[in-house]
Amino acid sequence: DQQVKQNSPSLSVQEGRISILNCDYTNSMFDYFLWYKKYPAEGPTFLISISSIKDKNEDGRFTVFLNKSAKHLSLHIVPSQPGDSAVYFCAASGGGSGYALNFGKGTSLLVTP
Amino acid sequence: SQTIHQWPATLVQPVGSPLSLECTVEGTSNPNLYWYRQAAGRGLQLLFYSVGIGQISSEVPQNLSASRPQDRQFILSSKKLLLSDSGFYLCAWSQGATEAFFGQGTRLTVV
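Let me sum up the structure you'll find in this document.

The rules we used
- Residues numbered from 1 in each chain as written.
- Chains lettered and ligands numbered in written order.
- Predicted model: local features only at pLDDT ≥ 70, side-chain atom pairs only at ≥ 80, totals over all residues.
- Heavy atoms only, no water.
- Pairing = 2+ DSSP bridges.
- Helix = DSSP H or I, 4+ residues; strand = E, 2+ residues; numbered from the N terminus.
- Salt bridge = Lys/Arg side-chain N within 4 Å of Asp/Glu carboxyl O.
- Buried < 20%, exposed > 50% of the residue type's maximum accessible area, 1.4 Å probe, protein only.
- Disulfide = S-S within 2.5 Å.

Moving on, we come to the pairing of strand β7 (residues 62–67) of chain A. Residue and element names in this part refer to chain A. Where strand β6 (residues 56–59) and β7 come together, four bridges link them in antiparallel fashion. The partner of N57 across the bridge, within β7, is V64. Joining the antiparallel neighbours β6 and β7 is a turn of two residues, in which G60 adopts a positive phi near 65 degrees. Between β7 and strand β8 (residues 72–77), which follow one another and run antiparallel, lie four residues, and K71 among them has a positive phi close to 55 degrees.

Shown next, in the form of structure tokens:
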């Protein structure tokens, strides 16, 4: 059963514009949320995280928003750059499993010049 | 600084052959260790996690097993590979409730 869902498999954005990637979760025990960036044939790299006590966390061009009541989080990239083109995975942890991360299926972002 | 090593990078194995993938972490002690698999067109699926030496938890029933013979060593094994075992295998570590750091992955193709 998929507890973390990324319903958009792909997204195309023009360079300089905002990229918004969305993620929904079903497990109310999740208390830590993360975004990873992944290139083909490589391991995911950590991008940004947020704990459930916050609703926003910002790091440079990347901002993650958390809406606990809606069980929804989003990643905003502003401004988008061609180098941001990759697959972005949303992940969540909490409630056991050794803090293992539950991942969504990913959203492939393409930033066009 | 902490580093994670995973090998081999690619592997082609015949159906029915055994498998052993190794992962080691440096620069930290008593990490949580994980094995994930990314099948074609799918997300990252947690296979095993370990919170200490000899402690293995399995998330998905399958043809694979894991072992942690040393604090910073995590091994993924199979006695007989199936075609459905093909995928991209990733080892990761974390310290408590923080982000996990991933190795470069192993592309396994079972033929």
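Before going further, it helps to examine the pattern of salt bridges. All names here are of chain A. For the structure on display, the rule yields four salt bridges over all chains. For E58, the salt bridge identified is with K56, shortest N-O distance 4.0 Å. A residue is classified by how much of its surface remains accessible, and E58, at 52% relative accessible area, is exposed. Given a relative accessible area of 42%, K56 falls into the partly exposed group.

Take the state of the cysteines next. Residue and element names in this part refer to chain A. Under the counting rule described, the total for this entry stands at two disulfides over all chains. Across the disulfide from C23 sits C90; the S-S distance is 2.0 Å. On the S-S bond that ties C23 to C90, the torsion sits near -75 degrees, and the link is left-handed. Here C23, found in strand β3 (residues 19–25), pairs with C90, found in strand β9 (residues 86–93); they are 67 residues apart in sequence, far enough to count as distant. Like C90, C23 is buried.

Limitation: the analysis is restricted to geometry and does not speak to function.
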